[in-house]
Amino acid sequence: MECSHIPEINYRKFSDNIHSKVVAERIPIDGTIETSYRCNLNCVHCYCNLPARDKTAVQQELSFREICDIVDQIVKEGCLWLSFTGGEPLIRKDFIDIYSYAKKKGLIITLLTNGTLITPEIADYLQEWPPFSAEITLYGITRKTYESVTRVPGSFERCLEGINLLLERKVPLKLKTTVTSLNKHELWEIKEYVESLGIEFRFDPVLNPRLDGSQEPCRFRISPEEVVELDLADEKRLQTWREFCQKFWGPPQSDKLYVCGAGLSSFLINPYGELYMCLLSRNPGHNLRQGSFKEGWRDFIPEILEQKPEGEYKCAKCDLFSLCNQCPGWAQLETGSKNKPIDYLCQITNLRAEALRKEVKRK
Amino acid sequence: MSFLDKVYKKSDSIVFRKIADEFILVPIRQNVGDLESISTLNEVAARIWELIDGEKKVREIKDKIVEEFEVTPQQAEKDLIEYLKQLKKISAIEG
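A word on the interface of chain B and chain A. The interface is formed by 33 residues belonging to chain B together with 35 residues belonging to chain A. Remark: the boundary between chain B and chain A carries 2 salt bridges. Between Glu22 of chain B and Lys21 of chain A there is a salt bridge, with its nearest N and O atoms 3.4 Å apart. When residues of the side of chain B that touches chain A are traced back to their parent elements, those giving at least two are β2 (14-19), β3 (22-27), β4 (37-41), α1 (43-51) and α3 (73-89) of chain B.

Membership of the largest hydrophobic core comes to 107 residues, with the highest contact counts inside it found for Ile74, Leu80, Phe84, Leu166 and Ile269 of chain A together with Ile19 of chain B. Looking at this core element by element, the count peaks at 6 residues for helix α11 (residues 293-305) of chain A. Excluding residues within four positions of it along the chain, Leu80 of chain A makes contact with Phe14, Ile29, Gly106, Leu107 and Ile108 of chain A together with Arg17, Ile19, Ile24 and Val26 of chain B. Formed by 26 residues, the second largest nonpolar core is a distinct cluster that contains Leu4, Phe23, Leu41 and Ile48 of chain B.

Further remarks concern unusual backbone geometry. Residue and element names in this part refer to chain A. Look at the link from Gly86 to Gly87: it is a cis peptide, with omega at 15°. One can find Gly87 in the loop between β5 (81-85) and α4 (95-104). Even without being glycine, Arg26 reaches a positive phi, approximately 50°. As for its placement among the helices and strands, Arg26 is situated in the loop between α1 (11-25) and β2 (30-34). With relative accessibility at 21%, the residue Arg26 sits in the partly exposed group.

Attention shifts here to the sheet that holds strand β12 (residues 286-287) of chain A. Residue and element names in this part refer to chain A. The strand order across the open sheet built from 9 strands is β9-β8-β7-β6-β5-β2-β10-β11-β12, with neighbouring strands paired in mixed fashion. The open sheet terminates on both sides in strands that have one partner only, identified here as β9 (201-204) and β12. Bridge count between strand β6 (residues 108-113) and strand β7 (residues 133-137): 4 bridges; the pairing is parallel. What sits directly across from Leu111, in β7, is Ala134. The sheet contacts of α1 involve β2, β5 and β6, and relative to β5 the element is tilted by about 100°.

In this section: the pattern of salt bridges. Residue and element names in this part refer to chain A. Counted by the stated rule, this structure contains 33 salt bridges over all chains. A salt bridge links Arg357 to Glu354; the nearest nitrogen and oxygen atoms lie 3.4 Å apart. Residue Arg357 and its partner Glu354 are both found in helix α13 (residues 343-362); the two are separated by 3 residues, about one turn of the helix. The class of Arg357 is partly exposed, set by a relative accessible area of 42%.

What follows covers the packing of α1 of chain B against helix α2 (residues 58-68) of chain B. Residues and elements named next belong to chain B. Contact geometry of α1 with α2 gives a least axis separation of 10 Å together with a crossing angle of 140°. The angle between α1 and α2 places the two elements in the oblique class. Our pair here, α1 against α2, has a crossing hand that is right-handed. Here Val44, Arg47, Ile48 and Leu51 of α1 come into contact with α2, specifically with Ile61, Lys64, Ile65 and Glu68. Of the residues contributing to the contact of α1 with α2, the split by class is 5 nonpolar, no polar and 3 charged.

Before going further, it helps to examine the confidence of the model for chain B. Residues and elements named next belong to chain B. In the predicted model, chain B carries a mean pLDDT of 89, and 94% of its residues have values of at least 70. Of all secondary-structure elements in chain B, the lowest mean pLDDT belongs to β4, at 81, while strand β1 (residues 9-10) reaches the highest, 96. Listed scores for the predicted complex are pTM 0.93 and ipTM 0.89.

Residues and elements named next belong to chain A. The space that makes up the second largest pocket amounts to roughly 310 Å³. Considering the residues around the second largest pocket, the lining is formed by Arg38, Ala52, Arg53, Leu90, Ile91, Arg92, Lys93, Phe95, Ile96, Leu117 and Ile122. Of the residues belonging to the lining of the second largest pocket, the class tally is 7 nonpolar, no polar and 4 charged.

What follows concerns the environment of Arg151 of chain A. Residue and element names in this part refer to chain A. Positionally, Arg151 belongs in the loop between α6 (143-150) and α7 (155-168). The exposure class assigned to Arg151 is partly exposed, which follows from its relative accessible area of 44%. It is 5.6 Å that separates the C-alpha atoms of Arg151 and Asn42, two residues lying 109 residues apart in sequence. Only 2.7 Å separates the side chain of Arg151 from the backbone oxygen of Asn42, close enough to count as a polar contact.

To continue, consider the pairing of strand β10 (residues 266-269) of chain A. All names here are of chain A. Side-chain alternation along β10 places Ser266 and Leu268 on one buried face and Phe267 and Ile269 on a second face that is also buried. Where β2 and β10 come together, 4 bridges link them in parallel fashion. Of the residues in β10, the one forming a bridge with Ile33 is Ile269. One ladder, built from 2 bridges, connects β10 with strand β11 (residues 274-276); its direction is antiparallel. By the bridge assignment for β11, Ile269 is matched with Leu275. Counting the residues between successive antiparallel strands, the hairpin from β10 to β11 contains 4 residues, one of them, Gly273, with a positive phi of roughly 90°.

This part takes up the pairing of β3 of chain B. Residue and element names in this part refer to chain B. Most of β3 sits out of view: 5 of its 6 residues are buried. Strand direction decides the pairing type here: β2 and β3, joined by 6 bridges, are antiparallel. Note on β3: the bridge partner recorded for Ile19 is Glu22. Taken together, β2 and the strand that follows it, β3, pair antiparallel across an intervening segment of 2 residues, in which Ala20 is found at a positive phi of about 50°.

Another point: the side chain of Asp231 of chain A. One can find Asp231 of chain A in helix α9 (residues 224-233). Those residues in contact with Asp231 of chain A that sit more than four places away from it in its chain are Arg237, Leu238, Trp241 and Arg352 of chain A.

What follows is about a positive patch on the surface. On the surface, a cluster of positive charge is contributed by Lys358, Lys361, Arg362 and Lys363 of chain A. Tracing the sequence through the fold places Lys358 of chain A in helix α13.

Definitions and cut-offs
Each chain carries its own residue numbering, running from 1 in the written order of its sequence. Both sets of labels track the order of writing: A upward for chains, 1 upward for ligands. At least 70 in pLDDT is required for a residue's local features to be given in this predicted model, at least 80 for side-chain atom pairs to be given and counted, and no such filter applies to totals for whole chains, interfaces and linings, which use all residues. Values shown for side chains rest on all heavy atoms present in the structure; no hydrogens or waters enter the calculation. Here a residue-residue contact requires only that any non-hydrogen atoms of the pair lie within 4.5 Å. Definition used for salt bridges: Asp or Glu carboxyl oxygen within 4 Å of a side-chain nitrogen of Lys or Arg. Numbering of helices and strands runs from the N terminus, with a helix taken as a DSSP run of H or I at least four residues long and a strand as a DSSP run of E at least two residues long. Buried residues of nine kinds, namely Ala, Val, Leu, Ile, Met, Phe, Trp, Tyr and Cys, make up a nonpolar core once their side-chain atoms join them within 4.5 Å. Each residue gets one of three labels from its accessible area relative to the maximum for its type: buried under 20%, exposed over 50%, partly exposed in between, using a 1.4 Å probe on protein chains only. A pair of strands is considered paired only if DSSP assigns at least 2 bridges between the two. Angular values range over 0 to 180 degrees, each being the angle between N-to-C directions of two axes fitted as lines to C-alpha atoms, with helices fitted over their stretch in contact. Just so you know how the angles are binned, under 35 degrees is roughly parallel, over 145 roughly antiparallel, 65 to 115 roughly perpendicular, and the rest oblique. Handedness of each helix crossing follows the sense of rotation of the near helix against the far helix: counterclockwise by less than a right angle gives left-handed, clockwise gives right-handed. Gly falls in the polar group here, along with every residue not listed as nonpolar (Ala, Val, Leu, Ile, Met, Phe, Trp, Tyr, Cys, Pro) or charged (Asp, Glu, Lys, Arg). One confidence number per residue, pLDDT, is output by the predictor and ranges from 0 to 100. Grid points spaced at 1 Å and placed over the protein atoms alone form the basis of the search, with a cavity being a set where a 1.4 Å probe fits but cannot get out and a pocket an open set showing protein on both sides within 12 Å along at least five of seven lines. Lining residues have an atom within 4 Å of a point. Grid points are joined across faces, edges and corners, and a volume is the space filled by probe spheres set on the points. For the purposes of these results, a polar contact is taken to be a pair of N or O atoms within 3.5 Å, where, inside protein, one atom must be able to donate a hydrogen and its partner to accept one; residues adjacent in sequence count only when each atom of the pair is a side-chain atom. The patch calculation keeps residues exceeding 30% relative accessible area without a salt bridge and links them within 9 Å when they carry like charges or within 5 Å when they are nonpolar (Val, Leu, Ile, Met, Phe, Trp, Tyr). Here the open area of atoms and residues is found with the Shrake-Rupley method and a 1.4 Å probe, where only the protein chains shown may cover a residue. Charge assignment in this entry is limited to Lys and Arg as positive and Asp and Glu as negative, and neither His nor the chain termini are counted. Where a charge lies is defined by one atom per residue type: Lys uses NZ, Arg uses CZ, Asp uses CG and Glu uses CD.

Below is the structure:
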């Protein structure tokens, strides 16, 4: 008999160990559920937001019962980490019931929220039944900048209130921002503020089109030069690129279209029950109102993973592939073809490679 | 009361999951477990967890373990004492 004690292992180590096992066995351990595309904010760059009272969306969204049924199915197939996102998850009056149901099934939950709808009651609940982390996006350090992005007066104060309500109760919290042309000048101040709270901070400097095909968010992108400047200014970020570059230099090692790892152990379900392998590759989906999660995971997604590029596929020959955010789903949204490189990302990648080459030469 | 006559029940603040042949205890409530680390169980510990049902005495659990695994009654008892102590410490069981 082995010693029957309970080894407590570091969370990161556990995560790394189990991820290598689940990829080999293709277990859907990482899930995301978008509970609604509706949102009380109206961010200029959002890829999906619908008005808070959009009646058609409300009618089409999965019911509480349907979501519970899906939660039961994903738990059965081995999901452990689940993110709730939107739109704004808390826009649904039944969100806490959904969260509670998932929590009590033993899912480790991340809640992605804009923070503005967090009330003392919701914060109390999250204190009692804590998520792995709540993640709030802070678009500015001043009202003017924050609300130039969210386009809702009063939202800055409400966001700060939400942050404070969670901080007071020691709910695990992460803060982040999306860098746009409207708030780029406040990025480092946001970082300073967040780190002064003792909270982990990260940012995303690249915007993608809306899921409905609108290119409107792209109008608020920062330039490729600015993206690379941010890479170079943030040592943690730069180090990640250096390591990535050392490990994976050269063209993709596979002849498949999807080489990013999506769909191997992760999935996404939209507010209407469509199952996808990730946030950006949305065409087509597997409808969970008509088929089971198991069928979608075991039959539908593997078919997508087997897809090969049709016709010319420049990325397949590109040495800079590992330094690039190119993604077939994103390309479909922006260029109309999964095969066609996104110019903006090519420009960023070339500049990034140049910057890293210069760094190597200097050393 | 002797340790072997005690009866334990599982706390509803922790959930047992089996994923990719790993046995995991997921704390779901404030002050239960630690979010920075995760508790994993070996095969015997997972079986003991299954057997804790608010009705069986520790003695009955011990007998089952001796029956199902290659272990002496003395060793099984020693391990059970240690294991149940640890489960109590992380508030996974009550009793």
